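Each chain, letter by letter, is given below.
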Number of protein chains: 2
Amino acid sequence: MLSQVVKDELKAIVGEGRYFDNEEDLLLYSYDAFIVQGQPEAALLPVSTEEVSRIMKVASRERIPVTARGAGTNLAGGSVPTRGGIVLVFTKMNRIIEIDKVNRVAVFQPGVINMEFQKELTKRGLYYPPDPGSMAVSTMGGNVAENAGGPRAVKYGVTSDYLLGLEVVLASGEVLRTGGKTLKNVTGYNLTQLFCGSEGTLGLITEITVKLIPLPETKRTLQAVFKNLSDAGRTVARVFEIGILPVALEIVDKVSINVIEDYMHLGLPREAEALLLIEVDGPEAAVAGESGRLTQLCREMGAHEVKVAGTVEENDEIWKARRSAYGAGARLRPTAIAEDCTVPVGNLVAMFQEVTRIAEKYQLLIPVVAHAGDGNLHPLILTDSSDQEEMKRVVKAIDEISRKAVELGGTLTGEHGIGIAKREILPFELGEVAMEITRNIKKTFDPLNILNPDKVVLIV
Amino acid sequence: MLSQVVKDELKAIVGEGRYFDNEEDLLLYSYDAFIVQGQPEAALLPVSTEEVSRIMKVASRERIPVTARGAGTNLAGGSVPTRGGIVLVFTKMNRIIEIDKVNRVAVFQPGVINMEFQKELTKRGLYYPPDPGSMAVSTMGGNVAENAGGPRAVKYGVTSDYLLGLEVVLASGEVLRTGGKTLKNVTGYNLTQLFCGSEGTLGLITEITVKLIPLPETKRTLQAVFKNLSDAGRTVARVFEIGILPVALEIVDKVSINVIEDYMHLGLPREAEALLLIEVDGPEAAVAGESGRLTQLCREMGAHEVKVAGTVEENDEIWKARRSAYGAGARLRPTAIAEDCTVPVGNLVAMFQEVTRIAEKYQLLIPVVAHAGDGNLHPLILTDSSDQEEMKRVVKAIDEISRKAVELGGTLTGEHGIGIAKREILPFELGEVAMEITRNIKKTFDPLNILNPDKVVLIV
């Protein structure tokens, strides 16, 4: 419990207007997009690295748990303050410090929203590809802390692929700078990448430097309708075999198609087993050639309808179905849990089939969309967290999905993170040697276990 | 000193034919491409992870220093056994285990040579872009341990950008697996990237998994001759500004042009201050458009001659000058030290000018080639390591080049590593907070300080 003296000390660091400890305000910071909640004792909204550093010096001295939070969109409980203490809300550190076209880099604070950043880049003909589903609201600090992915990862990779440098406040309050503004850097150990995806458990990100690329000249999306899921899966593999690396390559399964159609009335083919979305980009001449070859490929592979967007509006229209999947599912039941298992692309169909089998076994409704091009499935488990009997089945289903993904050569999480959601099953994938190293790294950076404790790895 | 009992124990692990401790054989493993030497007491050539593990258990028990070595092409002394002990030579662990086109991944042992790997991929229409200058001989284990770059990094990034997973033998002999065959993975801390570039100081890489991309349809190189270095530098920046991301973007400076011309007689323009090489790739239609725009750009920016390769042979011909730079320089004096400072692209010309100034100040011959597109300069310091007076000036020149790069917002090393060469100056860039973390990470992985001691960071 925070004493009044400590609360007053913390309040003095950020000032009255950026300190909250009444119950209504704290409730705002007690949850994210996962199902676990935990109320903090104080929420602080720093505006500078120096404030974060001073807060951590107090937290360190008093051994107060500190949970970093951006927009709170995490799907694995990573931003929930399970042990009370302080929530550090980074939304006011939202300044883009520099967009440097000559050096192809941008420097900004962690509270900058992904889509706002993208808009500024587009104006300048620049591009930062990572596009998590939450991009309209999620902060870049959260994107880095979770190593966010997104549909464009097939061609362009994920957050870590663009990260050049960080400023990080350590548990002690010391300020560390890693990497820098150069596109190449092998000076010392790669601490930048160690913080990326560490979910706030090793340090607090206070400044981010990323590399940028030129905005592609144009892009085009195809939608192919398959009666047969495995035909769609085989098509995904064939896309690479014919030498095309699309920006995005998404599958929407039959359950999702129907859930989306119920909600959006887009005229989707309810009888289809899979919608395949393929986006390509580049110079117009290349895009035209590739979309032609892809149309032909989809037809050869058994698609009974292929639609190619001719305009920006048609492009957006095709993506509408995919983008509605989460919302369309979430409205059906009180609780929606987005799974994130990832398998090698060749095992994509097998993993789809496993999810179908597991949904039947546990009598659950589980529509699935997938970033098929990188084997990343998002089974959306629709349930009611107040129904204890059903939740027991949900827990078993998630466990079985996770184990099956690892058995198929995959991983527990492709882009959502471990957080609380996958903490218990983490050793199943990592094994004891990696778990021991993981605990040792955590202890090296956070000897008092005050940085987002209970997340990723339990320190006892 | 290794006792005969321990030597016999080590010999028994790998067998007679893969164990060496006589002076002539050991001499082979006492140097790399840097100027420091150090003789090992035993050289072992393991063929399996199990052998490496057993060797490390003995080394750990007996506290024997172990230096990993591939082809020994390191330019910073990273593979020199400065404390004697064991050299582990990975050249016999050179099997490509799997090239998986559907999943876009390859799995192989660390002794596989970069170019051999590339050849196997080309046959299958696949591509692994990183192309260090040493690629004809250097091993992939060394490439990963040093996070090797190369000219193509401008568009395609460096080794770490393709690395998906590793098998690593730890100091204790335990075997760790990180990452895997999925293109996305945020399960736990990013240990894969921590080992990448750690120069054999945290663990021994025994298996590597990388992602692959489709082989681009075609590529084309331009050569532009500039009377003025700063015009060439401004052209580099303009290439990005007009929205082109070339594969490679290289500058060869006046000193290099003349050194190369003396050696190769290629008909290079001796009066030019800079040759600019630009390579683009992709579908033919896109490449034709981009090379046209680049030709026009170079002319506008003051190039008085622009040559575009029309055939594969002409492409190779253009690259010949750049590829000869190291050899042409090295033949002039007994010792050649390849520097590796890297600055933001916008400070490229300023850094070239600093190198020219420093060469004059210390009366040294320093031709420079640069991966200009990512600000990575390779001043080649030509000297004679037996001339003690001159070497004092060389040491001062290198120190001044390094400090100037950091002052210009850059880094000590873009792709060669810290090794022994940059160990003393490392704190100048990292600062004390990062140095402390670096030491702590080293101690976490290697508490006995037996893995490539004296490299990157000194543990006392």
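The structure presented is a predicted model; accordingly, all values stated were derived computationally and were not measured.

Asker: Honestly, the overall build of chain A in this entry has me stumped. Any pointers?
Answerer: Broken down by element type, chain A carries 14 helices and 18 strands. Reported as C-alpha extents along the three principal axes, the dimensions of chain A are approximately 70 × 60 × 45 Å. In chain A, which comprises 460 residues, the proportion classed as buried is 64%. The long-range fraction of contacts in chain A, counting pairs at least 24 apart against all pairs at least 6 apart in sequence, stands at 70%. For chain A, the computed accessible surface area is about 16200 Å², with 50% contributed by carbon and sulfur atoms. In chain A, 50 positive and 61 negative side-chain charges are present, and the distance between their average locations comes to 2 Å.

Asker: Help me understand the relation of the copies chain A and chain B in this model?
Answerer: Comparison of the two chain copies shows a relationship of rotation about an axis with a shift along it. Rotating chain A by 180 degrees about the axis while translating it 0.0 Å along that axis superimposes it on chain B, leaving an RMSD of 0.0 Å. Here the two chains are linked by the operation of a two-fold rotation axis. Interface overlap between copies: 99% of the residues of chain A at the interface are likewise at the interface in chain B, consistent with a symmetric, same-surface contact.

Asker: Can you help me understand the interface of chain A and chain B in this one?
Answerer: In this complex, chain A contributes 79 residues to the contact, which on the side of chain B involves 78 residues. Both faces considered, chain A and chain B share a buried interface measuring about 6000 Å² in area, 66% of it formed by carbon and sulfur atoms. When residues of chain A are sorted by the area they lose upon contact with chain B, Lys184(A), Val186(A) and Tyr189(A) head the list and together hold 17% of the total. In this assembly, chain A and chain B are joined by four salt bridges.

Asker: Even after reading the chapter, I still don't get the environment of Pro216(A), so can you show me in this structure?
Answerer: Note on placement: Pro216(A) falls in the loop between β11 (213-214) and β12 (218-226). For the pair formed by Pro216(A) and Thr82(A), sequence separation is 134 residues and the distance between their alpha carbons is 43 Å.

Asker: Any chance you could explain helix α3 (residues 49-62) of chain A here in plain terms?
Answerer: Given 3.6 residues per turn, any residue in an α-helix points the same way as the ones three and four places further on. All names here are of chain A. Spanning 14 residues, α3 covers 20 Å between terminal C-alpha atoms, matching the ideal 20 Å at 1.5 Å per step. Turning to α3, its buried residues are Thr-49, Glu-51, Val-52, Ser-53, Ile-55, Met-56, Val-58, Ala-59 and Ser-60. One or two positions beyond α3, positive phi appears at Arg-63, with a value near 55 degrees.

Asker: Is there a simple way to explain the domain arrangement of chain A in this structure?
Answerer: Note on interface size: it is often stated as the accessible area lost on association of the parts. All names here are of chain A. The domains assigned to chain A are domain 1 (4-89), domain 2 (96-214), domain 3 (218-326) and domain 4 (333-447). The gap between the C-alpha centroids of domain 2 and domain 3 is 30 Å. Counting residues at the interface gives six residues for domain 2 and nine residues for domain 3. Where domain 2 abuts domain 3, roughly 630 Å² becomes buried across the two surfaces, and 58% of that area is made up of carbon and sulfur atoms. At the boundary of domain 2 with domain 3, the tally comes to one salt bridge. For the salt bridge of Lys-155 with Asp-281, the shortest nitrogen-to-oxygen distance reads 2.7 Å. At the surface where domain 2 touches domain 3, the tally comes to four residue pairs in polar contact (both at pLDDT 80 or more). Taken together, the residues of the side of domain 2 that touches domain 3 break down into four nonpolar, no polar and two charged.

Asker: In this structure, what is going on with the sheet that holds strand β1 (residues 19-20) of chain B? I would like to understand it.
Answerer: Hydrogen bonds between backbone atoms are what pair the strands of a sheet, whose relative direction is either parallel or antiparallel. All names here are of chain B. The four strands are arranged β1-β2-β4-β3 in an open sheet whose pairing can be described as mixed. Whereas interior strands pair on both sides, the edge strands pair on one side only; in this sheet they are β1 and β3 (66-69). Here three bridges tie strand β2 (residues 42-44) to strand β4 (residues 86-89), and the two strands are oriented parallel to one another. Bridge pairing in β4 links Ala-43 to Val-87. Taken strand by strand, helix α3 (residues 49-62) contacts β2, β3 and β4, and its axis lies near 170 degrees from that of β4.

Asker: Looking at this structure, I do not really get the packing of aromatic side chains. What am I missing?
Answerer: Between two aromatic rings, the relevant description is the distance of the centres plus the angle of the planes. Residue and element names in this part refer to chain A. Going through the model one piece at a time under the given rule, you end up with ten aromatic pairs over all chains. A centroid spacing of 5.7 Å and a plane angle of 70 degrees characterise the contact between Tyr-128 and Tyr-162, whose relative ring orientation is edge-to-face. Residue Tyr-128 is found in the loop between β7 (126-127) and α5 (140-146), and its partner Tyr-162 is found in the loop between α6 (153-156) and β8 (163-169); the two are separated by 34 residues along the sequence. Each member of the pair, Tyr-128 as well as Tyr-162, is classed as buried.

Asker: Quick question: what am I supposed to make of the pattern of salt bridges here?
Answerer: Pairing is possible between side chains of opposite charge, provided their charged atoms come close. If you walk through the whole model with that rule in mind, you get 67 salt bridges over all chains. Among the salt bridges present, the one from Asp374(B) reaches Lys184(A), with a minimum N-O distance of 3.4 Å. Taken together, the positions of Asp374(B) in the loop between β17 (368-371) and β18 (376-383) and Lys184(A) in the loop between β9 (175-179) and α7 (191-195) put the pair across two chains. Comparing Asp374(B) with Lys184(A) shows no difference in burial state: the two are buried. A salt bridge links Glu339(B) to Lys422(B), with the shortest nitrogen-to-oxygen separation between them at 3.4 Å. Taken as a pair, Glu339(B) in the loop between β16 (335-338) and α12 (348-361) and Lys422(B) in the loop between α13 (388-407) and α14 (426-445) lie far apart in primary sequence, 83 residues in all. A single network of salt bridges, built from pairs that share partners, joins Glu354(A), Arg357(A), Lys361(A) and Glu400(A).

Asker: Would you mind showing me how to read the environment of Val457(B) here?
Answerer: Note on placement: Val457(B) falls in the segment after α14. Assessed through its relative accessible area of 3%, Val457(B) is described here as buried. In the structure, Val457(B) is positioned 31 residues away from Leu426(B) in sequence and 8.1 Å away in space, judged by C-alpha atoms. Once residues within four sequence positions are removed from consideration, Val457(B) is found in contact with Tyr189(A), Arg423(B), Met435(B), Thr438(B), Arg439(B) and Lys442(B).

Asker: Quick question: what am I supposed to make of helix α14 (residues 426-445) of chain A here?
Answerer: Here α14(A) is 20 residues long, yet its end C-alpha atoms lie only 20 Å apart, well below the 28 Å a rise of 1.5 Å per residue gives. Along α14(A), the residues classified as buried are Leu426(A), Glu429(A), Leu430(A), Ala434(A), Met435(A), Ile437(A), Thr438(A), Arg439(A), Ile441(A), Lys442(A) and Phe445(A).

Asker: Can you walk me through the pairing of β12(A) in this structure?
Answerer: Both faces of the sheet carry side chains from a regular strand, because those side chains alternate between them. All names here are of chain A. Across the nine residues that make up β12, a large majority, eight, are buried. The pairing of β12 with strand β15 (residues 305-308) spans four bridges and is antiparallel. What sits directly across from Leu-222, in β15, is Val-308.

Asker: What exactly am I supposed to notice about unusual backbone geometry here?
Answerer: Working note: non-glycine residues mostly have negative phi, and peptide bonds are mostly trans. Residue and element names in this part refer to chain A. A positive phi is found at Asn-147, a non-glycine position, where the angle reads about 50 degrees. With respect to the helices and strands, the residue Asn-147 is situated in the loop between α5 and α6. Taking relative accessible area as the criterion, Asn-147 reaches 6% and is therefore assigned buried. Backbone geometry at Asn-452 places phi at a positive 40 degrees, although glycine is not the residue there. The exposure class assigned to Asn-452 is buried, which follows from its relative accessible area of 2%.

Asker: How should the packing of helix α9 (residues 254-264) of chain B against helix α11 (residues 312-330) of chain B be read in this particular structure?
Answerer: Relative placement of two packed helices is described by the angle separating their axes and the distance separating the axes. Residue and element names in this part refer to chain B. Between α9 and α11, the shortest axis-to-axis distance is 9 Å and the interhelical angle comes to 85 degrees. Relative to α11, the element α9 lies roughly perpendicular. Residues Val-259, Ile-260, Tyr-263 and Met-264 of α9 touch α11, and the partners they reach there are Lys-320, Ala-321, Ser-324, Ala-325, Gly-327, Ala-328 and Gly-329. The class makeup of the residues in the contact of α9 with α11 is seven nonpolar, three polar and one charged.

Asker: How should the side chain of Asn452(B) be read in this particular structure?
Answerer: Residue and element names in this part refer to chain B. With respect to the helices and strands, Asn-452 occurs in the segment after α14. Only 2.8 Å separates the side chain of Asn-452 from the backbone oxygen of Gly-78, close enough to count as a polar contact. Among the polar contacts made by the side chain of Asn-452, one reaches the side chain of Lys-455 at a distance of 2.7 Å. Residues contacting Asn-452, with those up to four places away along its chain left out, are Val-66, Thr-67, Gly-78, Val-80, Glu-199, Gly-200 and Thr-201.

Asker: Looking at this structure, how should I read the sheet that holds strand β15 (residues 305-308) of chain B?
Answerer: All names here are of chain B. The antiparallel open sheet is built from seven strands, whose spatial order is β15-β12-β14-β13-β17-β18-β16. If you trace the sheet from one side to the other, it starts and ends with β15 and β16, each paired once. Across the sheet, the mean angle separating the axes of adjacent strands is 15 degrees when strand polarity is ignored. Those strands touched by α9 are β13 (248-253), β14 (274-282) and β17, and its axis lies near 80 degrees from that of β13.

Rules used in this analysis
Residue positions within a chain follow its written sequence, with the count starting from 1. Working convention: letters from A go to chains and numbers from 1 go to ligands, in the order in which they are written. With pLDDT at 70 or above as the cut-off, local features in this predicted model cover only qualifying residues; side-chain atom pairs require 80 or more to be listed or tallied, and sums for whole chains, interfaces and linings still use all residues. To obtain the side-chain values, all non-hydrogen atoms of the structure were used and water was disregarded. Every helix listed is a DSSP run of H or I at least four residues long, and every strand listed is a run of E at least two residues long, numbered separately from the N terminus. The cut-offs for exposure are 20% and 50% of the maximum accessible area for each residue type, with area from a 1.4 Å probe on protein chains only; residues under the lower value are buried, those over the upper are exposed, and the others partly exposed. Any two residues whose heavy atoms approach within 4.5 Å at even a single point are treated as in contact. Only the protein chains shown count as cover for residues, with accessible areas throughout obtained via the Shrake-Rupley method and a probe of 1.4 Å. Under this rule, positive means Lys or Arg and negative means Asp or Glu; His and the chain ends count for nothing. For this purpose, a charge sits on NZ of Lys, CZ of Arg, CG of Asp or CD of Glu. Least squares is the method for superposing the copies, and the C-alpha atoms it fits come from residues with pLDDT of at least 70 in both. What counts as buried area is the accessible surface, traced by a 1.4 Å probe, that two parts surrender upon association, with contributions from both included. We count a salt bridge whenever a side-chain nitrogen from Lys or Arg sits within 4 Å of a carboxyl oxygen from Asp or Glu. Expected span of a helix, by definition, is 1.5 Å for each gap between consecutive residues, and there is one gap fewer than residues. For every domain, the bounds stem from an assignment made automatically or drawn from a database. Polar contacts, as counted here, are pairs of nitrogen or oxygen atoms within 3.5 Å of one another; within protein the pair requires one atom able to donate a hydrogen and one able to accept it, and residues that are adjacent in sequence qualify only if both atoms are side-chain atoms. All residues other than Ala, Val, Leu, Ile, Met, Phe, Trp, Tyr, Cys, Pro, Asp, Glu, Lys and Arg, Gly among them, are scored as polar; the first ten of these are nonpolar and the last four charged. Pairing between strands is defined by DSSP: at least two bridges between the two strands are required. Axes, fitted as lines to C-alpha atoms, cover a helix only where it is in contact. Angles between the N-to-C directions of the axes lie from 0 to 180 degrees. Two aromatic rings from Phe, Tyr or Trp, using only the six-membered ring of Trp, form a pair when their centres are within 6.5 Å; if the ring planes differ by under 30 degrees the pair is stacked, by over 60 it is edge-to-face, and anything between is tilted. Angles are sorted into four bins: roughly parallel if under 35 degrees, roughly antiparallel if over 145, roughly perpendicular if 65 to 115, and oblique for all others.

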